[in-house]
Amino acid sequence: MTESAVVVDGVSKRFRLYRERNATLKSALMRGRASVYEEFWAVRDVSFDVPRGTTLGLIGRNGSGKSTLLKTLARILHPDEGQITMSGRVASLLEVGSGFHPELSGRENIYLNGSILGMSRKEIDSRFDEIVDFSEVRKFIDQPVKNYSSGMYVRLGFSVAVHVSPDILIVDEVLAVGDAAFKTKSKRKFAEFRDQKRTIILVSHSMPQVRALCDQVVWLDGGRVRAIGPSDEVVDAYLAHIDADEVDSNEE
């Protein structure tokens with residue numbers, strides 16, 4: 001049996017949606033009641049395994065729970081129910097410049113972000129030039145990143161994440177970063193990861209990309225798992241569902 005790199009077991013995550021929120025204790029006392037809210041389950045009872053060395057895609061419409069689940073996998077959020085087990089070093093790239101400090105230089109942020117992702121100082125030293133060359137920001141590496149363009153932010157953040165040599169890589173729209181040339185380079189790096197049999201979990205709205213890159217796909221709908229299986233099979237079912245919804249909408 002293939003060993004699992006990631007096990008998601010009955011994971012649920014809820015948020016409070018406030019209708020009337022007391023900004024201060026004074027406002028609460030004046031109103032004479034607590035803030036009114038309802039619970040919203042963004043992810044509900046989600047379970048799946050990711051075999052080591054495979055690529056899993058998460059698909060679904062906006063609001064289906066993909067981003068919440070990805071942040072839970074990346075340990076940015078903690079599940080309210082269930083548990084997640086991961087085996088090996090984990091790196092994630094979910095937002096532009098996540099883990100960067102705007103007042104620090106690109107150089108300083110490489111060391112900061114690398115350490116957050118589990119690299120030692122010696123490891124970062126040995127890969128520093130590779131990270132900078134891949135990101136194409138050497139000319140600005142000693143400037144505060146608050147002065148970087150969004151493209152420079154993305155390139156540097158992506159470069160640090162992929163040079164951590166993680167056992168598990170968690171990414172949101174991995175090949176949507178940078179300009180055309182950088183996207184091509186990112187695709188090559190991603191292919192290299194797959195060839196090295198690293199475990200990858202990604203969110204993508206590009207179904208051709210999901211078909212090409214993913215071994216298995218989890219389709220989320222309303223925070224719950226709608227289907228799990230081989231990429232072609234699940235993508236076909238998802239697209240058929242969307243087409244059927246569009247037909248129904250046009251007929252109304």
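Provided above is the structure to which this section pertains.
Residues numbered from 1 in each chain as written. Predicted model: local features only at pLDDT ≥ 70, side-chain atom pairs only at ≥ 80, totals over all residues. Heavy atoms only, no water.

S.K.: Whenever I open this one, the overall build of the protein confuses me. Can you help?
M.R.: Along the protein, the regular secondary structure elements total eight helices and nine strands. Residue pairs in contact within the protein that sit at least 24 positions apart in sequence constitute 69% of those at least 6 positions apart. When the accessible surface of the protein is summed, it comes to about 13,200 Å², and 48% of that surface belongs to carbon and sulfur atoms. (Helix = DSSP H or I, 4+ residues; strand = E, 2+ residues; numbered from the N terminus. Contact = heavy atoms within 4.5 Å. Areas by Shrake-Rupley, 256 points an atom, 1.4 Å probe, with all protein chains shown as cover.)

S.K.: I'm lost on the packing of aromatic side chains in this one. Help?
M.R.: Aromatic ring pairs are reported here in terms of the distance separating the ring centres and the angle at which the planes meet. Within the structure shown, the criterion is met by seven aromatic pairs. Ring centres of phenylalanine 134 and phenylalanine 158 lie 6.2 Å apart, and the angle between their planes is 25°; on these two criteria the pair is classed as stacked. Within this pair, whereas phenylalanine 134 is found in helix H4 (residues 121–135), its partner phenylalanine 158 is found in helix H5 (residues 150–162), the two being separated by 24 residues in sequence. Here the two residues phenylalanine 134 and phenylalanine 158 agree in accessibility, since each one is buried. Every member of this aromatic cluster is reached through a ring pair, and the members are Phe100, Tyr148 and Tyr153. Its end group placed over the ring of phenylalanine 15, lysine 13 keeps NZ or CZ at 5.7 Å from the ring centre. Between the NZ or CZ atom of arginine 198 and the centre of the ring of phenylalanine 193, over which it lies, the distance is 5.3 Å. (Phe/Tyr/Trp six-rings, centres within 6.5 Å; stacked < 30°, edge-to-face > 60°. Buried < 20%, exposed > 50% of the residue type's maximum accessible area, 1.4 Å probe, protein only. Lys NZ or Arg CZ within 6 Å of the ring centre and 35° of its normal.)

S.K.: Before we go on, may I ask you to explain the pattern of salt bridges in this structure?
M.R.: Once the charged atoms of two side chains with opposite charge are near each other, the side chains can pair. By the definition in use, this model includes 17 salt bridges. The partner of arginine 138 in a salt bridge is aspartate 129, with the nearest N and O atoms 3.4 Å apart. By relative accessible area, which is 40% here, arginine 138 ends up partly exposed. What you see here is one network of salt bridges that share partners, running through Arg89, Glu123 and Arg127. (Salt bridge = Lys/Arg side-chain N within 4 Å of Asp/Glu carboxyl O.)

S.K.: Would you explain the nonpolar core in this entry?
M.R.: Most often, soluble globular proteins keep nonpolar side chains buried together rather than apart. Among the nonpolar cores identified, the biggest contains 42 residues, and Ile59 and Ile110 are the most heavily contacted of them. Among all residues touching isoleucine 110, those that are not within four sequence positions of it are Ile124, Phe128, Ile131, Val132, Ile141, Leu156 and Val160. Core analysis: the next-biggest nonpolar cluster, separate from the first, contains 23 residues, Leu56, Leu58, Val218 and Leu220 among them. (Core = buried A, V, L, I, M, F, W, Y, C linked by side-chain atoms within 4.5 Å.)

S.K.: Please clarify how the sheet that holds strand E3 (residues 55–59) should be interpreted in this entry.
M.R.: Paired through backbone hydrogen bonds, the strands of a sheet run either parallel or antiparallel to each other. Taken in spatial order, the six strands make up an open sheet running E5-E6-E7-E3-E8-E9, and their pairing is mixed. Strands at the two margins of the open sheet, each flanked by one partner only, are strand E5 (90–93) and strand E9 (224–230). Averaged over neighbouring strand pairs, the angle between their axes works out to 15° when direction is ignored. Sheet topology note: the strand E6 (residues 168–172)/strand E7 (residues 199–203) ladder contains five bridges and is parallel. Bridge pairing in E7 places isoleucine 168 opposite threonine 199. Lying over the sheet, helix H2 (residues 66–73) contacts E3, E6, E7 and strand E8 (216–221), oriented at roughly 150° with respect to E6. (Pairing = 2+ DSSP bridges. Axes fitted to C-alpha atoms, helices over the stretch in contact; angles between N-to-C directions.)

S.K.: Help me out: how do you make sense of the pairing of E9 in this one?
M.R.: Each regular strand shows side chains that alternate between the opposite faces of the sheet. Across six bridges, E8 lies against E9 in antiparallel orientation. Within E9, the position partnered with leucine 220 by the bridge is valine 225. If you look at the hairpin formed by E8 and E9, you'll find two residues sitting between the two strands, and glycine 222 has a positive phi there, around 60°.

S.K.: What should I look at first to understand the side chain of serine 12 in this one?
M.R.: Assignment of secondary structure puts serine 12 in strand E1 (residues 4–20). Discounting chain neighbours no more than four positions away, the residues touching serine 12 are Trp41, Val43, Arg44, Asp45, Pro79, Asp80 and Glu81.

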